[in-house]
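# What the coordinates show
For reference, the chains in residue letters:
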Amino acid sequence: MKAKTLLSAAFCGSLLYSCALFADEGTNALATKAIPPFAMLEQMDKAVDSLNYQLSYINITEQGIESLRYRHAVMNNQVLAQLLQMDGPHREVIQRNHAISYFDASSGVDPFTLPGEHIIDGLPSILFANFARLKEYYDFISVGRSRVADHLCNVVRIVSKDGSRFSYAVWLDSTTSLPLRADLLSQEGETIEQFQVIDFAVDDQIQQVMAPLVDAQLPPEMTSLPKNAHTKLSWTAGWLPAGAIALSQSQRHVPALAKTIESRLYSDGLFTFTVNVSPVTQASPPQSYSTGRRTLYVEIRNNKEISVVGELPHDTAKHIADTVNTGN
């Protein structure tokens, strides 16, 4: 209950702050030379990947508030990064080039490594987006300047052109272009999640702090599951949000449910979701559930259970499910 109260307070403060931000936009525009929003986001992308820095921040979601620290360094063309949960059980994620290693003493699971380009856990997906691709499907809008962590920031909104997805507002440090705040916004403009930097540093000494990772013994890499890219599925998607493409697909038998599930994983480069189709069973009721950025929508049609799960608004998930062609 306390976490929900804090979340509500943060959201209300965010909305009031946003109103003040828009009111000041005209004044700030006169005081600074305008930079195209796409250029601001490209500068952010370069800063996130190339600078040696440390971010201390909080994430505010419907589940509560968590505090984390993210360090990033580039040494001899090697990318090193560390994400550390600052409170509670020790949870840590380490990146060395294209290997992402997970350590969680409280999970009962041995440390493991997966291939990857970035640490995505605990960080907004907008930090690592391909803006050259996104600009075909999203509008980038400059909305003035404001302060975060006692630093002046340029603020940019990222809004889907077809209105079918969530949007982002990002606060970029005017000196380094690092992201100091990112709000995930609903279609109505309400804050769903918030990434808020409390303190940060850009310093080449972070290389020395991260240097032990160069020769560190990482846990073994987990064997990748087959993607079954050439498996022929019995269904096709009808309508998808603009820019969404299939990343993988699979056909797997689930003994516990006594049925085969056919799935495709989609992404538009910012949000991901899965569409699943399987035979109807007695335990296949229609259902719909949304929490934060995640939605589960299930419908029964033509003796098939069609489910859409992922980072989508409810109405978008329903539209996707409604237009799936089950072949019947």
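For the structure given in this document, a descriptive report is provided here. (Residues numbered from 1 in each chain as written. Predicted model: local features only at pLDDT ≥ 70, side-chain atom pairs only at ≥ 80, totals over all residues. Heavy atoms only, no water.)

## Some remarks on the overall build of the chain
Across its full length, the chain holds six helices and 17 strands. The burial tally for the chain puts 44% of its 328 residues in the buried class. Taking contacts inside the chain between residues at least 6 apart in sequence as the whole, the part at least 24 apart equals 49%. Carbon and sulfur atoms make up 54% of the accessible area of the chain, which totals about 16800 Å². (Helix = DSSP H or I, 4+ residues; strand = E, 2+ residues; numbered from the N terminus. Buried < 20%, exposed > 50% of the residue type's maximum accessible area, 1.4 Å probe, protein only. Contact = heavy atoms within 4.5 Å. Areas by Shrake-Rupley, 256 points an atom, 1.4 Å probe, with all protein chains shown as cover.)

## As for the nonpolar core
Soluble globular proteins tend to pack their nonpolar side chains together in the buried interior. Counting 48 residues, the largest nonpolar core has Y57, Y70, I126, I158, Y168 and L270 as its most contacted members. Residues A244, I306, L312 and I320 belong to the second largest nonpolar core, which totals 15 residues. (Core = buried A, V, L, I, M, F, W, Y, C linked by side-chain atoms within 4.5 Å.)

## Here's the deal with the pairing of strand β7 (residues 138-148)
Two strands pair when backbone bridges link them, and β7 and strand β8 (residues 151-160) are joined in this way by nine bridges, in the antiparallel orientation. Residue pairing in the sheet places F140 in a bridge with I158 of β8. In this structure, the hairpin formed by β7 and β8 is closed by a connection of two residues, where A149 is found at a positive phi of approximately 50 degrees. (Pairing = 2+ DSSP bridges.)

## Thoughts on the sheet that holds strand β16 (residues 294-301)
One open sheet holds the six strands; their spatial order is β12-β13-β14-β17-β16-β15, and the pairing between them is antiparallel. Lying at the two open borders of the sheet, with one neighbouring strand each, are β12 (245-254) and β15 (287-291). The sheet shows a mean angle of 15 degrees between the axes of neighbouring strands, direction not considered. Of the strand pairs in this sheet, β15 and β16 are connected by five bridges, and their pairing is antiparallel. (Axes fitted to C-alpha atoms, helices over the stretch in contact; angles between N-to-C directions.)

## Quick look at helix α3 (residues 37-50)
In this model, α3 (14 residues) spans 20 Å end to end at C-alpha, consistent with the 20 Å of a helix rising 1.5 Å per residue. Those residues of α3 that fall on the buried side of the exposure criterion are P37, M40, L41, M44, A47 and V48. All buried residues of α3 fall inside an arc of 120 degrees around its axis, so they share one side. (Expected span 1.5 Å × (residues − 1). Arc of directions from axis to C-beta.)

## Focus on the pairing of strand β4 (residues 91-96)
Of all six residues that make up β4, five are buried, and the element is covered over most of its length. Direction of pairing for strand β3 (residues 78-85) relative to β4: antiparallel, over a ladder of five bridges. Paired with L80 across the bridge in β4 is R96. In this sheet, strand β5 (residues 99-104) lies alongside β4 in antiparallel orientation, the contact comprising six bridges. Looking across to β5, one finds that R91 is bridged to D104. With antiparallel pairing between neighbouring strands as the criterion, β4 and β5 make up a hairpin whose turn holds two residues, including N97 at a positive phi of roughly 55 degrees.

## So, the environment of S263
With respect to the element layout, S263 can be found in strand β13 (residues 259-267). Taking the C-alpha atoms as reference points, S263 and N276, 13 residues apart in sequence, are found 4.4 Å from one another. A distance of 2.6 Å separates a polar atom in the side chain of S263 from a polar atom in the side chain of N276. (Polar contact = N/O pair within 3.5 Å; in protein donor to acceptor, adjacent residues only side chain to side chain.)

## Let's talk about the pattern of salt bridges
For the structure shown, the criterion picks out 10 salt bridges. Residues E305 and K259 are paired through a salt bridge, measuring 3.1 Å at the closest nitrogen-oxygen approach. Residue E305 is located in strand β17 (residues 304-310), and its partner K259 is located in strand β13; the two are separated by 46 residues in the primary sequence. Just as E305 is buried, K259 falls in that class too. (Salt bridge = Lys/Arg side-chain N within 4 Å of Asp/Glu carboxyl O.)

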